[in-house]
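Working through the structure, step by step
Single-letter residue listing:
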Amino acid sequence: MFTRYAALSAFSAFLLASPVSAEQLFWGIQAEQLEWRSGEGSEAFAWDADAFVGTDELKVVWRSEAEYATGPSSFETLENQLRLQVPVSTFFDAVAGVRYDSPDEGPHRTYGVLGLHGLAKQWFEVDADLYLSEYPSARFEVEYEGLITNRVIFTPSIELDIPLVDDEATSRAAFGPKLEVGGRLSYDLLDRAIAPYVGVHWERTFGKSGRLVRAEGEDDDVVSLVVGFRLMF
Amino acid sequence: MTIGLLRRAFLLGAGLAAALSGAATAGEYSLTVDPVTVDTGAFTRSGIGYNGATPGPVLRFREGEDVTIRVTNNLSEPTSIHWHGLILPFEQDGVPGISYEGIAPGETFTYRFPIVQSGTYWFHSHTGFQEPDGAYGAIVIEPTKREPFRYDREYVVQLTDAHPHSGNRIMRNLKMMPDYYNRKQRTLFDFLRDTREQGFDAALSDRSAWGDMRMMPTDIEDLQGFTPLMNGKSSAQNWTGLFTPGERIRLRFINSSAMTYFDIRIPGLKMTVVQADGNNVLPVPVDEFRIAVAETYDILVQPKEDTPFAIFAESMGRTSSVRGTLATAEGQKGDIPDLRKPPLLTMADMGMAHEGMDHGAMSMAGGTHTMPDGSAMKGMDHSKMAMPVGAHTMPDGSTMKGMDHSTMDMGTSDPFYAPGSGLMPTAANGGKFLSYNDLRTQKPLYPHREATREIELRLTGNMERYMWSINGIKYADAEPIRLQYGERVRFKFVNETMMTHPMHLHGMWSILDTGKGKWNPVKHVVSVAPGTTLFMETEVDAPGQWAFHCHLSYHADSGMFRKVIVEGGPEGKAAALPVKTEG
Amino acid sequence: MSSSSILGAVLGASLSFALLSSGPALAAGSHGGGHGMHDMKIGKPGDPAKVSRTIEITMYDNYYEPESLDIKEGETIRFVVRNAGEFVHEFNIATAAMHEAHRPEMMMMMEHGVLEPDRINLEAAKAMQASMGHGMHNEANSVLLEPGKSGEIVWTFPKHADLEFACNVPGHYETGMHGKVKLSH
C-alpha cells in the first residue's frame, strides 16, 4: 500500500511540474551606460540600459537609450525597444520587436526590429539590428571588455547607425551614418552591481546627415568627457 | 566475488528474517529542517540547517538495522532529504518529483528503510538550492563485521563552500552573466607577462585560440567567492580534532560543497586511504588527494609527535582554502600553507586530445608496459622516474630503482585526466597524489561480468548561456533513461565541456572502470575530467525511478540531470512505477 | 619447483634487493651483507627440535589475532600462521625500520602483478625470479599466504630487540596490521 501511495504521489508531483524539471524564469537589469556627458558647448545626461525576463528559450528584453540635454532641458533622443530574443546558435540570439522613438524635439517614430545579438569570436559583444518602417535604418554595435585587472576594466565601444532613406525631420539622410565611439574605464566597486567609470564619448555624423545636423545649428562632431556608473542587478 | 554475493545474500536474509520476526534492531531518529544563520567569519547570511545547525548532526546508523527518520519541515517552503549513497527503496530516496512529492512546510515525513551497507555517507536537501544554502549533514554507518583497519578515534570532516549569495541569486546572476563569479580571468598584465615569457606572437596566438572558443583557461571552478568550511568552520574559526600522539585517527572526509573540488593534505603526515564513497578500498598510502563534489574518502593518519597538524583543503582552482587542526590540546593551530599557483586549463582539457583518452588503448609515454600476466599496466610511467645507479631490470624490460615511491612523481601520469591537462594534480610535497587508478575495492559487491549494453552520455553545456545538459538536451526536455532490472549497464561518459563533472547515480552503485576487473572501485560519484572519456558499470538491481545528475548544484539545476527508470524486476520486487500509468 | 619455493625465492630476492639498494634506511637494522634477515639482532631461524611452544596466528583483513606476542628472551617458537582473510597477508618478524624498508618492495611486487589483492601470481613471480641474478634464498622470518592457506615459521628470538610482527602488503601495515613482540626474562 505504501509503495502504491508513494508511486501515485510521485506521479502527481511529476505532473505538477517538479522543481528540477520546471522551466525556470530569470530576470536581470543592466545599465551599460548611465552617465554625464560634458562636451564642447553641450552637457547631457545619457543612458543605455536593458532589462530582461525569460527562460533559456525565450527572453523578453526592454532596452532604453536616451540623451537628455541640460542647456534647454529636453530629451534629444529617447528610444525604447521591446525585444524578443530566441537562441539561434551557441552564441547568438535572433531578435524581433518594436522600437518607439519619442524625443522632445522632432517627430516620434515607430519601427519594427529584426536583429542578432550575441558574442562573436574574441569576446566581442555584438548587436546588429534592422529597424523597419517607412524610414528604415540599420545599426551595428560592438563592445569589448578589456581587463586591465579583474576589477579595472576598459570598455571600448562602437555604434554605427545608418539611415537607409532620407528622413529630414530627424536630420537623417540615406547612408549618412552616425558613428559613436566610446572608451570607458570602470572599477567594479560593489561586486558587479555598481562600477563607476570615466571615459570619452565621440559622436560624428557623416555625409548629408552631417549637413542636416549642422543646418539645425548643432555640431556634427562632438567629443565628450563622460563620468557615470555601470549597474547590474 | 562469491564472498561479496554471499555477504549480500546474508544481509538480505538477515534483513528478511528480522523483518518477519519483528526482532530487527530499529533506530529512531528525528530531524527538523530549520532556518539558520551561517557565520563564516567573513560574512553572515541566512541559510538552512538541520536540528538548528549547519552542517546538521552526524547520523549514526548500524548496518542491518531498520531506521525510522521523522523529518519535520520548519521552513516556509517545501523541502526534501536525500540519503546520499544509501541503497534503499526508491520511495525513500528523497528526490521531489522522482521519489516522492517532497515535504510541505509544517509537515513531518517519516522515512523508513533498512540499512544494508556501512561506511561514510551524507544527506542533503534535493529541493531547489537548499543544499548550497546549508542543508546537509553526515551519515556514519557502523559495520556488523570488524573493520579491516584499526583506529583509536575518528572524526567526520565535512567540507562545504559557503557563499555570501543565496543559491537562487547565484543562478540568476550566472544566467545574466556566465562569468559573473569568475574573478580570475586573464588580464592585460597576464598578457604582458606571457609576452615577456613566451614572446608576443605566442602570447597573442594563445589569447586568440581561447578567444575563438569564447572560453577561459582560468575557468576551473565555474564559480568563485566561496568561503570553504570544515565542519562549519572557516580557517580562522579552526575546526580542531584532538589526539594523543601515537594514536591512529580515522578521518571521514565528505565533500558537501555546491561546486568546489578540494585537494587535501596534512603536511607532515602520510595518509592511508581506506574507503572511498563508503566502500572499503585496498589501503593506499598517499600524501594528498582530490575529493570531488559529493564524494567521501576515509583516511587513517598516525601523528606521533606532540604538535598540531593542519588539515588543509585547497580548492582545485586555488581560489580558496580551509584549514582545520589535529591538535593535542584545544587552541593549537596548524600552519596554513600558501595557496599554490592557480592551474590553467589547456587545449587538452578542451577535448583537443580526446583520442588519447581511451583507457583501453592508452599509449604511455614510455610505451605500454606489458606485465607477465599479459595485462597492460596503466598509470605507471616508468620513463619519468628518476633511475639511480644500480637500477634493476624487470622482466618486462622496464627498469626500476630502489623503489622509493614516496618521491616518484606519479601525478604526471594520472590516466583520469586528459594527457597534458592543466588540472593534473601533483602533491605539494612532491609525493604521492591519489588517482582513481589507485582505488581497488576491498569487497567486490558483484561478480565481475560483461556489461549487457552500453549507454553513451555526452556531458554537454553552453557556458555562455549557462546551460548544462546531457547529450545536448537539458533535463526539462529529456526523456528518462530506461533500464531493465537485471542488466549490467556500461555508461560511457564523454566530457565535451571544460568543466569537471561529478556524476551521481541514485539507488545503485557506480562501478568505476579502472581496468582492474573485479577490483574496480565501487562508488556513488564518478568525477569526469574535461576532455576525457570515463566508463562506469551499474548492476541494475533497484527497481523504481531514480535521479542521475552532475552533483555541481548549478549544473544539476540548469539541466545536467536525468531521470532513470528501472523497469521489471522479480515478482514482488518490481516497483509500482508511475511510468506505467503514464504510458 | 614448487610454488612455495618460487614464492620464497622471489620474496627473498626482493628482500635482499631492498637491502642492497636502500642501505641508509636499513643501516640500523642490518649489517647489510648478503644474508638479509639472518641477523642476530632480530633472532634467527629456529631448530624445530628446540621449540618450546607453538603459537597460532590468525590473519584477518587487516589485523592479527593475537594482536601482540609475549615471548621469553632466546625462546624458540613455532608459529602456525593461518590466513583467514580474503586477501594475501604476510607474517613477518623484524624491526619497525626493516618493515618500513620492506614495504616499498611489496609495493613493487603489487605494481608488477606478482602480488594481487587475493592471490600471488606465480607466472609473474617466475618471470621476476628469472631476472634477478643474485641472492635467492628463503627468508625464515616471514611467510606470505594467500587467503585460506596456512604456513609455519620456527624462530629463535634474541635477548634484546625491539621487534614487531607485521604485514607489509601495501596499505596493511598503515591500517594497523602489526603488533609488538614483547621480550621478557
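Since the structure is predicted, the reported quantities are computational estimates derived from the model, not experimental observations.

Let's talk about the overall build of chain A
Scanning chain A from N- to C-terminus turns up two helices and 13 strands. Contacts in chain A between residues far apart in sequence, at least 24 positions, make up 44% of those at least 6 positions apart. Roughly 11,500 Å² of accessible area belongs to chain A as shown, and the carbon and sulfur atoms make up 66% of that amount.

Comments concerning the nonpolar core
Within the largest apolar cluster, 134 residues are counted, with the highest numbers of intra-cluster contacts made by Trp83(B), Leu251(B) and Phe493(B). With five residues, the single largest contributor to this core is strand β8 (residues 136-142) of chain B. The residue makeup of this core includes at least three contributed by each of domain 1 (2-145) and domain 3 (453-582) of chain B. Ignoring sequence-local partners within four residues, the contact set of Phe493(B) consists of Leu457(B), Leu459(B), Met503(B), Val526(B), Val528(B), Thr532(B), Thr533(B), Leu534(B), Met536(B) and Phe548(B). Among the nonpolar cores identified, the runner-up in size contains 37 residues, and Ile77(C), Val88(C), Leu144(C) and Trp155(C) belong to it.

Points about unusual backbone geometry
Most peptide bonds take the trans form, and the phi angle of most residues other than glycine is negative. Geometrically, the link from Thr54(B) to Pro55(B) is a cis peptide bond, its omega value of -5° lying close to zero. The topology assignment puts Pro55(B) in the loop between β2 (44-50) and β3 (58-62). Following Glu65(C), the chain continues to Pro66(C) via a peptide bond in cis, the omega torsion being 0°. Within the fold, Pro66(C) resides in the loop between β3 (63-65) and β4 (69-72). Look at Asp277(B): it is not a glycine, yet its phi comes out positive at around 50°. Note on placement: Asp277(B) falls in the loop between β14 (271-276) and β15 (279-286).

Remarks on the side chain of Glu143(A)
Structurally, the position occupied by Glu143(A) is in strand β8 (residues 137-143). Buried and unpaired, Glu143(A) has Arg230(A) as its nearest opposite-charge partner, separated by 6.7 Å.

Thoughts on the environment of Tyr485(B)
Within the element layout of this structure, Tyr485(B) appears in the loop between β26 (481-484) and β27 (488-495). As a C-alpha pair, Tyr485(B) and Glu539(B) span 54 residues in sequence and 8.5 Å in three-dimensional space.

What to know about the sheet that holds strand β33 (residues 544-550) of chain B
Residues and elements named next belong to chain B. Here we have five strands laid out as an open sheet, ordered β26-β34-β33-β28-β31, and mixed in their pairing. Of all strands in the sheet, those bounded by a partner on one side alone are β26 and β31 (525-528). Along the sheet, successive strands turn relative to each other by an average axial angle of 20°, direction set aside. Relative to β33, strand β28 (residues 501-505) runs antiparallel, the two sharing three bridges. Paired with His504 across the strands is His549, a residue of β33.

Quick look at empty space enclosed by the protein
Empty space among the atoms becomes visible once a probe the size of a water molecule is rolled across them. All names here are of chain B. Applying the stated rule across the entire model yields twelve cavities of 30 Å³ or more. Estimated volume of the largest cavity: approximately 190 Å³. In terms of lining, the largest cavity is formed by 17 residues, of which the most central are Arg290, Asp414, Tyr417, Leu434 and Tyr436. Considered class by class, the residues forming the lining of the largest cavity number eleven nonpolar, three polar and three charged.

Let's talk about the pattern of salt bridges
Inspection of the entire model under this criterion finds 72 salt bridges over all chains. A salt bridge links Arg193(B) to Asp190(B); the nearest nitrogen and oxygen atoms lie 3.4 Å apart. Within this pair, Arg193(B) and its partner Asp190(B) are both found in helix α3 (residues 188-198), separated by three residues, close to a single helical turn. Given the relative accessible area of 34%, Arg193(B) is considered partly exposed. Here Asp194(B) and Arg193(B) are joined by a salt bridge, their closest N and O atoms 3.4 Å apart. Among the residues examined, Asp194(B) registers a relative accessible area of 6% and is labelled buried. In the salt-bridge network here, residues are joined through shared partners; they are Glu65(A), Glu79(A), Arg99(A), Asp101(A), Arg139(A), Glu159(A), Asp161(A) and Arg172(A).

Examining the packing of aromatic side chains
Using the criterion set out here, one finds 34 aromatic pairs over all chains in the structure. Arranged with centres 5.1 Å apart and planes meeting at 20°, the rings of Tyr60(C) and Tyr63(C) form a pair that is stacked. For Tyr63(C), a relative accessible area of 11% puts it in the buried group. Through a chain of ring-to-ring contacts, three or more aromatic side chains come together here, namely Tyr50(B), Trp83(B), Tyr100(B), Phe109(B), Tyr111(B), Phe113(B) and Phe123(B). The ring of Tyr180(B) carries Arg192(A) above its face, with NZ or CZ at 5.9 Å from the centroid. Here the guanidinium or amino end of Arg146(B) rests over the ring plane of Tyr63(C), the centre of that ring lying 3.3 Å away.

Some thoughts on the packing of α3(B) against helix α4 (residues 200-213) of chain B
Residues and elements named next belong to chain B. Closest axis-to-axis distance for the α3/α4 pair is 6 Å, and the angle between their directions is 135°. Classed by the angle they form, the pair α3 and α4 counts as oblique. On the side of α3, the interface is formed by Asp190, Phe191, Asp194, Thr195 and Gln198, while α4 contributes Phe200, Ala202, Ala203, Leu204 and Arg207. Split into classes, the residues belonging to the contact of α3 with α4 amount to five nonpolar, two polar and three charged.

Considering helix α2 (residues 207-215) of chain A
An α-helical turn contains 3.6 residues, so any two residues separated by three or four positions project in the same direction. All buried positions along α2(A) are accounted for by Ser209(A), Gly210(A), Leu212(A) and Val213(A). Projection of α2(A) onto a plane perpendicular to its axis shows the buried side chains occupying an angular sector of 160°, all on one side.

Examining the environment of Thr244(B)
Position of Thr244(B) among the secondary structure elements: in the loop between β11 (240-242) and β12 (249-255). Distance from Thr244(B) to Thr328(B), taken between C-alpha atoms, is 5.9 Å for residues 84 residues apart in sequence.

Structural notes on the confidence of the model for chain B
All names here are of chain B. In the predicted model, chain B carries a mean pLDDT of 86, and the fraction of residues at 70 or more is 83%. For the stretch residues 1-23, pLDDT sits under 50, and the model shows 17 contacts to residues farther than four places along the chain or on other chains. Confidence drops under a pLDDT of 50 for residues 579-583, and excluding neighbours within four residues, the segment shows six contacts in the predicted structure.

Focus on a negative patch on the surface
Taken together, Glu40(A), Glu76(A), Asp104(A), Glu105(A), Glu216(A), Glu218(A) and Asp219(A) make up a surface patch of like negative charges. Along the chain, Glu218(A) falls in the loop between α2 and β13 (221-232).

Describing the confidence of the model for chain A
Low-pLDDT portions of the prediction should not be read for the details of their coordinates. With 91% of its residues at a pLDDT of 70 or more, chain A has an overall mean of 90. For the stretch residues 1-21 of chain A, pLDDT sits under 50, and the model shows 33 contacts to residues farther than four places along the chain or on other chains.

What counts, and where the lines are drawn
Residues numbered from 1 in each chain as written. Chains lettered and ligands numbered in written order. Predicted model: local features only at pLDDT ≥ 70, side-chain atom pairs only at ≥ 80, totals over all residues. Heavy atoms only, no water. Helix = DSSP H or I, 4+ residues; strand = E, 2+ residues; numbered from the N terminus. Contact = heavy atoms within 4.5 Å. Areas by Shrake-Rupley, 256 points an atom, 1.4 Å probe, with all protein chains shown as cover. Core = buried A, V, L, I, M, F, W, Y, C linked by side-chain atoms within 4.5 Å. Buried < 20%, exposed > 50% of the residue type's maximum accessible area, 1.4 Å probe, protein only. Domains from an automatic or database assignment. Lys, Arg positive; Asp, Glu negative; His and termini not counted. Salt bridge = Lys/Arg side-chain N within 4 Å of Asp/Glu carboxyl O. Pairing = 2+ DSSP bridges. Axes fitted to C-alpha atoms, helices over the stretch in contact; angles between N-to-C directions. 1 Å grid on protein atoms, 1.4 Å probe; cavity = no way out; pocket = protein on both sides within 12 Å on 5 of 7 lines; lining within 4 Å. Points joined across faces, edges and corners; volume = space filled by probe spheres on them. Nonpolar A, V, L, I, M, F, W, Y, C, P; charged D, E, K, R; others polar. Phe/Tyr/Trp six-rings, centres within 6.5 Å; stacked < 30°, edge-to-face > 60°. Lys NZ or Arg CZ within 6 Å of the ring centre and 35° of its normal. Parallel < 35°, antiparallel > 145°, perpendicular 65-115°, else oblique. Arc of directions from axis to C-beta. pLDDT = per-residue confidence, 0-100. Patch = residues over 30% accessible without salt bridge, like charges linked within 9 Å, V, L, I, M, F, W, Y side chains within 5 Å. Charge placed at Lys NZ, Arg CZ, Asp CG, Glu CD.

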